[in-house]
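Coordinate inspection notes
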Amino acid sequence: MAQHIEHFATADVDRPERLEFWNRIASETFCGLSIDSERESFDAEMWRWTMGDLTMIRPRSPNAIVQRNARVARDGGDRVMLHLQHAGSRLHSQAHKIYTLRAGDVILTDSNEDYRVDLSGDNDMLVVEMPRRDLAERMPNLSDVLSH
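An account of the accompanying structure is given in this report. Everything quoted here is computed from the prediction, not taken from an experiment.

Attention shifts here to the side chain of Ser37. Among the secondary structure elements, Ser37 is positioned in the loop between strand S2 (33-36) and strand S3 (45-51). Beyond its immediate chain neighbours, meaning those up to four positions away, Ser37 contacts Leu19, Phe42, Asn63 and Ala64.

What follows is the structure in structure tokens.
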């Protein structure tokens, strides 16, 4: 059963502190995550919840660069992330490969590898982080479908 769904909005924060606030929320949610944006008035919102071992977020944000440092993320264990692009587009770079995602596209990523996401336009997505072992039990070819 889902726990309480949290909602975070940069509109509730003074303009000069919005990106710092967003980075704090993002790194608390997924270890090793950082966000940079060129906009002076970074305007974003996120819903966050958990179901068992699943951590889920639905962020909406403007143009931004999202990076994950896997060395920091490993503290969270061996995990996989599913990214479902709802609106906007992005370039997802991981293990020397680049993927373009548009509305309706899905990608599975390995949390043990660094990645970078370049968000274009106003983005809306669902991100689910889960233990690798649980997915591997249901999907024996998991290593073949991960974006590495």
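The next thing to look at is the side chain of Thr55. In this structure, Thr55 sits in strand S4 (residues 54-61). Classification of Thr55 by relative accessible area gives buried; the value is 16%. Thr55 has contacts with Thr29, Phe30, Trp49, Thr50, Arg79, Val127, Val128 and Glu129, leaving out every residue within four places of it along the chain.

What follows deals with unusual backbone geometry. For Ala95, which is not glycine, the phi torsion reads 50° and is therefore positive. Structurally, Ala95 can be placed in the loop between strand S6 (79-94) and strand S7 (97-102). For Ala95, a relative accessible area of 35% corresponds to the partly exposed category. A positive phi angle, near 65°, is found at His96, a position not held by glycine.

A complete count under the given rule lists one cavity of 30 Å³ or more for this structure. Considering only enclosed or pocket space, the largest cavity measures out at about 220 Å³ in volume. In this structure, the largest cavity is lined by 20 residues; those nearest its centre are Leu33, Ile57, Pro59, Val66 and Met125. Elements that contribute at least two residues to the lining of the largest cavity include exactly helix H1 (18-29), S2, S4, strand S5 (64-68), S6 and strand S9 (115-131). Broken down by element, the residue count for the lining of the largest cavity peaks at five residues, all from S9. Tallied by class, residues from the lining of the largest cavity come to 16 nonpolar, three polar and one charged.

Here the focus is the pattern of salt bridges. Note on pairing: side chains with opposite charge can pair once their charged atoms come close. Here the structure, examined in full by the defined rule, presents 10 salt bridges. As a salt-bridge pair, Arg132 and Asp110 come within 2.6 Å of each other at their nearest N and O atoms. Of this pair, Arg132 sits in helix H3 (residues 132-138) while Asp110 sits in strand S8 (residues 106-110); the two residues are 22 residues apart in sequence, bridging distant segments of the chain. The pair formed by Arg132 and Asp110 is uniform in burial state, with each residue classed as buried. In the salt-bridge network here, residues are joined through shared partners; they are Glu45, Arg58, Arg60 and Asp124.

A word on the pairing of S5. Of the two faces of S5, only one is covered, namely that formed by Ala64, Val66 and Arg68; the face formed by Ile65 and Gln67 stays uncovered. Relative to S5, S2 is paired through four bridges, and the arrangement is antiparallel. Residue pairing across strands places Ser34 opposite Gln67, the latter belonging to S5. Here S5 pairs with S9 via five bridges, running antiparallel. Paired with Ala64 across the strands is Leu119, a residue of S9.

So, how was this worked out
- Residues numbered from 1 in each chain as written.
- Predicted model: local features only at pLDDT ≥ 70, side-chain atom pairs only at ≥ 80, totals over all residues.
- Heavy atoms only, no water.
- Helix = DSSP H or I, 4+ residues; strand = E, 2+ residues; numbered from the N terminus.
- Contact = heavy atoms within 4.5 Å.
- Buried < 20%, exposed > 50% of the residue type's maximum accessible area, 1.4 Å probe, protein only.
- 1 Å grid on protein atoms, 1.4 Å probe; cavity = no way out; pocket = protein on both sides within 12 Å on 5 of 7 lines; lining within 4 Å.
- Points joined across faces, edges and corners; volume = space filled by probe spheres on them.
- Nonpolar A, V, L, I, M, F, W, Y, C, P; charged D, E, K, R; others polar.
- Salt bridge = Lys/Arg side-chain N within 4 Å of Asp/Glu carboxyl O.
- Pairing = 2+ DSSP bridges.

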